[in-house]
Amino acid sequence: MAGETVAGETVDGETARAEKGALRLTGAQRFMLASSFVTTLGSFAVLPFTSVLLHQRLGMDLGVVGAVLAAASLLQFAGCVAGAAVAVRLGLRRTLLLALLLHVAGFAGFAAGLDRPAVMIAGLVVVCCGAALYLPSAKAYLVHGADRESRPRLLSASNSALNAGVALGPLAAGPFALEAPGALLTAVVMLLAVLTAGHALLPDSRDHDPGAGAEAPSRVLAGIPALPFAVTAWTLYLHMYFYYYLPVYTVPRVSSAFYGAVLMLHSLLLAVMQPVLAGWVGRMRHTRAMALGFTAMAVGMTVLALGGAAAIAAGAVVVCLGEVVLFLKNDLEALARSARSPAVVFGQQRLAAGVGAFGSGIIGGAGYGAFDRAGNAPLFWLAVAAQCALLPLVLLVAWLASRRRSPGSSPDDPPGHSPAANDDSMRTT
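Criteria and thresholds
Residues numbered from 1 in each chain as written. Predicted model: local features only at pLDDT ≥ 70, side-chain atom pairs only at ≥ 80, totals over all residues. Heavy atoms only, no water. Helix = DSSP H or I, 4+ residues; strand = E, 2+ residues; numbered from the N terminus. Contact = heavy atoms within 4.5 Å. Areas by Shrake-Rupley, 256 points an atom, 1.4 Å probe, with all protein chains shown as cover. Patch = residues over 30% accessible without salt bridge, like charges linked within 9 Å, V, L, I, M, F, W, Y side chains within 5 Å. Salt bridge = Lys/Arg side-chain N within 4 Å of Asp/Glu carboxyl O. Axes fitted to C-alpha atoms, helices over the stretch in contact; angles between N-to-C directions. Parallel < 35°, antiparallel > 145°, perpendicular 65-115°, else oblique. Left-handed = near helix turned anticlockwise from the far one by under 90°. Nonpolar A, V, L, I, M, F, W, Y, C, P; charged D, E, K, R; others polar. Buried < 20%, exposed > 50% of the residue type's maximum accessible area, 1.4 Å probe, protein only. pLDDT = per-residue confidence, 0-100. Phe/Tyr/Trp six-rings, centres within 6.5 Å; stacked < 30°, edge-to-face > 60°.

Caption draft 1: Local environment of the overall build of the protein. Along the protein, the regular secondary structure elements total 14 helices and two strands. A fraction of 82% describes how many contacts in the protein between residues 6 or more apart in sequence connect residues 24 or more apart. Split by element, the accessible area of the protein, about 17,600 Å² in all, is 68% carbon and sulfur.

Below is the structure:
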């Protein structure tokens with residue numbers, strides 16, 4: 001890839017490599033990191049309040065509201081497969097522009113639908129379609145042409161920008177979301193319109209997949225690296241238990257304000273800790289990352305079962321430490337194992353996240369309701385903690401079986417691991 005122009009700068013095998021302890025960012029990469037933060041900040045200034053707006057302002061039944069939000073979440077995650085296909089065909093910059101235009105149109109629909117449920121729901125669908133296009137393309141643009149040493153820090157910086165937006169969006173919008181939603185939505189639309197103009201000035205980076213000029217979304221499903229896909233789905237399945245059901249567990253025991261503080265702490269820790277630990281996580285074997293990450297999540301879920309403010313805060317922090325490792329390592333492992341372009345890989349990873357989140361919503365709701373009705377809500381978190389240990393145990397059994405079949409393999413290699421899969425020659429850009 002020597003001499004290739006990436007994000008406006010000529011990069012070869014030497015100039016692309018960041019010096020140890022430092023990460024060289026192009027102007028376009030800095031813009032993309034800032035844009036990821038601002039886009040998420042704008043989105044999460046509105047989306048967390050959607051259920052309240054639909055229920056309290058527009059009088060929709062909570063069951064209908066829940067169904068709408070579940071469908072929208074599934075569209076946002078699973079739609080990333082189609083988003084990756086669009087990126088492969090149109091190129092990353094054009095896809096990013098299209099995604100932001102959909103964001104602008106969707107939030108404008110929100111503003112126009114404050115008294116019309118159908119218009120607001122249509123706006124929500126359009127915003128989710130924009131997110132499905134934007135997220136895989138933004139990450140792919142950031143790592144396009146980067147070497148293996150730079151990827152962990154680039155991806156951790158991207159994740160930090162996203163998590164910072166998630167943490168600060170609801171906080172910034174809280175005073176306005178219910179009292180002056182029209183003004184808030186107008187501000188978000190204007191902010192995203194400015195970002196759209198900025199994306200139009202980015203250097204082009206097509207990120208082609210060989211022979212994929214007119215491929216269908218189903219083609220994006222080819223070549224999924226099975227282990228990272230499965231671990232990502234399981235990680236999000238467990239994470240969404242925390243995200244979906246911590247509020248109904250926390251608010252009656254402490255307060256809604258305390259829950260908001262815990263959620264913000266969790267998101268800010270993700271934003272801060274991933275860049276700090278990126279190099280260490282990047283060098284770690286995937287098997288060791290799974291053992292450490294799922295163990296931390298299991299311990300954190302167990303602490304949540306104790307109840308009380310201190311236990312809830314401490315449990316959220318420990319869960320966060322496990323997710324810092326797993327969220328980053330799963331994406332890095334998928335990139336290393338796949339021969340597909342980064343846009344396709346990130347689309348596949350978002351699909352895995354959607355599968356996990358959907359499963360958690362369906363199974364967890366019934367599970368938490370059963371425990372809560374029996375007066376044993378804390379036991380729900382012990383059941384989740386047990387599930388945190390389930391996948392690592394299954395993989396350990398599979399690994400031991402593969403060791404018996406292949407006694408010459410490395411003791412650190414996960415089931416199905418091939419050393420060649422970590423070579424950059426196995427993927428195309």
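Caption draft 2: Representation of a nonpolar patch on the surface. Among the surface-exposed residues, L74, F358, I362 and I363 lie close enough to one another that they form a single nonpolar patch of about 380 Å² accessible area. With three residues, helix α13 (residues 342-373) is the largest single contributor of residues to the nonpolar patch.

Caption draft 3: Up close: the packing of helix α1 (residues 27-44) against helix α7 (residues 181-200). Interhelical geometry of α1 versus α7 gives an angle of 160 degrees and a closest axis separation of 10 Å. Considering their axes alone, α1 and α7 lie roughly antiparallel with respect to each other. Here α1 and α7 pass one another in a crossing that is left-handed. Two secondary-structure elements touch here, α1 through F31, M32, S35, V38, T39 and G42 and α7 through V188, L191, L192, L195, G198 and H199. Among the residues forming the contact of α1 with α7, the class breakdown is seven nonpolar, five polar and no charged.

Caption draft 4: Region of interest: the pattern of salt bridges. Under the definition given, this model contains two salt bridges. E333 is the salt-bridge partner of R337, the closest N and O atoms lying 2.8 Å from each other. With R337 and E333 both in helix α12 (residues 309-337), this residue pair falls four residues apart, about one helical turn. A relative accessible area of 6% means that E333 is categorised as buried.

Caption draft 5: Molecular detail of the confidence of the model for the protein. Mean pLDDT for the protein: 79, with 83% of residues reaching 70 or above. Below a pLDDT of 50 lies the segment residues 1-20, which in the model reaches 39 contacts outside its immediate sequence neighbourhood of four places, other chains included. Residue range residues 409-429 is modelled with pLDDT below 50. Its contacts to residues more than four positions away, or to other chains, number 53 contacts.

Caption draft 6: The arrangement of the environment of A314 in detail. Relative to the helices and strands, A314 is located in helix α12. A314 sits in the partly exposed class, given a relative accessible area of 35%. Considered as a pair, A314 and L304 are 10 residues apart in the sequence and their alpha carbons are 7.8 Å apart.

Caption draft 7: Structural detail: the packing of aromatic side chains. Applying the stated rule across the entire model yields 11 aromatic pairs. For the ring pair Y237 and Y241, a centre distance of 4.9 Å and an interplane angle of 80 degrees mean the geometry is edge-to-face. Pair noted here: Y237 and Y241 are both in helix α9 (residues 226-250), with a separation of four residues, about one helical turn. Of the two residues, Y237 and Y241, both sit in the buried class. Among the aromatic residues, those joined into a ring-pair cluster are W234, Y237, Y241, Y245, Y249, Y368, F371, F380 and W381.

Caption draft 8: How the structure looks around the packing of α1 against helix α4 (residues 92-112). Contact geometry for α1 and α4: axes closest at 12 Å, N-to-C directions at 20 degrees. Considered as vectors, α1 and α4 are oriented roughly parallel to each other. When you trace α1 past α4, the crossing you get is left-handed. Across the interface between the two elements, M32, T39, G42 and S43 of α1 pack against L96, L100, H103 and F107 of α4. A class-by-class count of the residues in the contact of α1 with α4 yields four nonpolar, four polar and no charged.

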